Amino acid sequence: MTAHQPAHSGRHPRKTHPPGTVAWAVADPLRAVLAVIAVITVLTGAVQVPFGGQVLQLIGADSTPETRQLFGTVGMFMVVVGGLLLHTLLNAVPSPEVVLWSGLQKTGAFGAVGIGVLNGVFAPVALLVAFFDLATGIVLFIYWRRLSAAPANSGLAG
């Protein structure tokens, strides 16, 4: 162990991936796609906080002080979960637990928006967002299974 290599205990050492984003993305395209989705989640969540009223109107919902507050709160959680997912994907060995819980969040969002459409809270156009979340959740579960099946000390080659 050197000054640049801190000791890690446990199953998932936390160090950054090897340099070279293109090489990293080519080595694991599924992981790269999930990283892009994580960035999109952070950005769209960040937009919901100050511009929730406009986004609510786009998806056919009423824009009241209450709905804007709740929508902004959801946006804040999107920033946190998307940021956490991105952070773990950029580690040499992503945390399967973070990937699993991110998948649960995405499938939960699908359900919540779907129920909102069924109850007339959101217009059917909101289903585009819901099905994107469902597809993302499925991909996260696929990636989680792959991580869970991998040997404990495997990481991205490079």
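Residues numbered from 1 in each chain as written. Predicted model: local features only at pLDDT ≥ 70, side-chain atom pairs only at ≥ 80, totals over all residues. Heavy atoms only, no water.

Considering the overall build of the protein chain
Condition: Helix and strand labels come from DSSP, where a helix needs a run of H or I of at least four residues and a strand needs a run of E of at least two; each type is numbered from the N terminus. Residue contacts are defined here by distance: any two heavy atoms, one from each residue, within 4.5 Å place the two residues in contact.
Scanning the protein chain for helices and strands turns up five helices and zero strands. Across the protein chain, contacts joining residues at least 24 apart in sequence account for 73% of those joining residues at least 6 apart.

Comments concerning the pattern of salt bridges
Basically, it comes down to this: For salt bridges, the criterion is a side-chain nitrogen of Lys or Arg within 4 Å of an Asp or Glu carboxyl oxygen. Burial classes follow relative accessibility: with a 1.4 Å probe on protein chains only, a residue under 20% of its type's maximum area counts as buried, one over 50% as exposed, and anything between as partly exposed.
This model, assessed by the stated rule, comprises two salt bridges. One salt bridge connects Lys106 with Asp133, and the closest N-O pair in it is separated by 3.4 Å. Note that Lys106 is positioned in helix H4 (residues 96-118) and Asp133 in helix H5 (residues 126-149), a separation of 27 residues in sequence. For the residue pair Lys106 and Asp133, the accessibility class agrees, reading buried in each case.

What about a nonpolar patch on the surface?
Inclusion rule: Residues enter a patch when their relative accessible area is above 30% and they make no salt bridge; the linking distance is 9 Å between like charges and 5 Å between nonpolar side chains (Val, Leu, Ile, Met, Phe, Trp, Tyr). Here, Shrake-Rupley sampling with a 1.4 Å probe gives the accessible areas, and only protein chains in the shown set may cover a residue.
A cluster of nonpolar side chains, namely Val49, Met76, Phe77 and Val80, defines an oily patch on the protein surface of about 360 Å² accessible area. At three residues, helix H3 (residues 65-89) tops the list of elements feeding residues into the nonpolar patch.

Some details on the side chain of Thr136
To be explicit about the condition: Pairing of N or O atoms within 3.5 Å defines a polar contact, subject to two protein rules: one partner must be a possible hydrogen donor and the other a possible acceptor, and residues neighboring in sequence count only if both atoms are side-chain atoms.
For Thr136, the position within the fold is in helix H5. Of note is the side chain of Thr136, whose polar atom sits 2.9 Å from the backbone oxygen of Phe132. Each residue touching Thr136, except ones within four places of it in the same chain, is listed here: Ile37 and Lys106.

Things to note about the confidence of the model for the protein chain
Just so we agree on the cut-off: The predictor's confidence in any single residue is recorded as pLDDT, a number from 0 to 100.
Averaged over all residues, the pLDDT of the protein chain equals 87, while 82% of them reach at least 70. Low pLDDT (under 50) marks residues 1-6, which in the prediction has two contacts with non-local residues, meaning those over four places away or in another chain. Considering only residues more than four positions removed or in separate chains, one finds that residues 154-158, a stretch of pLDDT under 50, has eight contacts.

With respect to the nonpolar core
Convention followed: For the purposes of this section, nonpolar cores are sets of buried Ala, Val, Leu, Ile, Met, Phe, Trp, Tyr and Cys residues that join through side-chain atoms within 4.5 Å.
Listed in full, the 11 residues of the largest apolar core are Trp24, Ala32, Leu34, Ala35, Ala38, Leu85, Leu89, Val99, Leu140, Tyr143 and Leu147. Of all elements in the fold, only helix H2 (29-58), H3 and H5 reach the threshold of two or more residues within this core. Here the element with the most residues in this core is H2; it accounts for four residues. Contacts of Ala32, omitting those with residues within four sequence positions, involve Trp24 and Ala25. Counting residues in each nonpolar core, the second largest holds 10 residues, with Val55, Ile59, Val117 and Phe122 among its members.

Notes on the side chain of Asp133
Owing to a relative accessible area of 9%, Asp133 belongs among the buried residues under this scheme. The contacts of Asp133, once residues within four sequence positions are left out, are Lys106, Thr107, Ala109 and Phe110.

Things to note about the environment of Thr67
Along the chain, the position of Thr67 falls in helix H3. Among the residues examined, Thr67 registers a relative accessible area of 28% and is labelled partly exposed. Thr67 sits 11 residues away from Leu56 along the chain, and the two C-alpha atoms are 8.2 Å apart. In contact with Thr67, not counting residues within four places along its chain, are Leu56 and Asp62.

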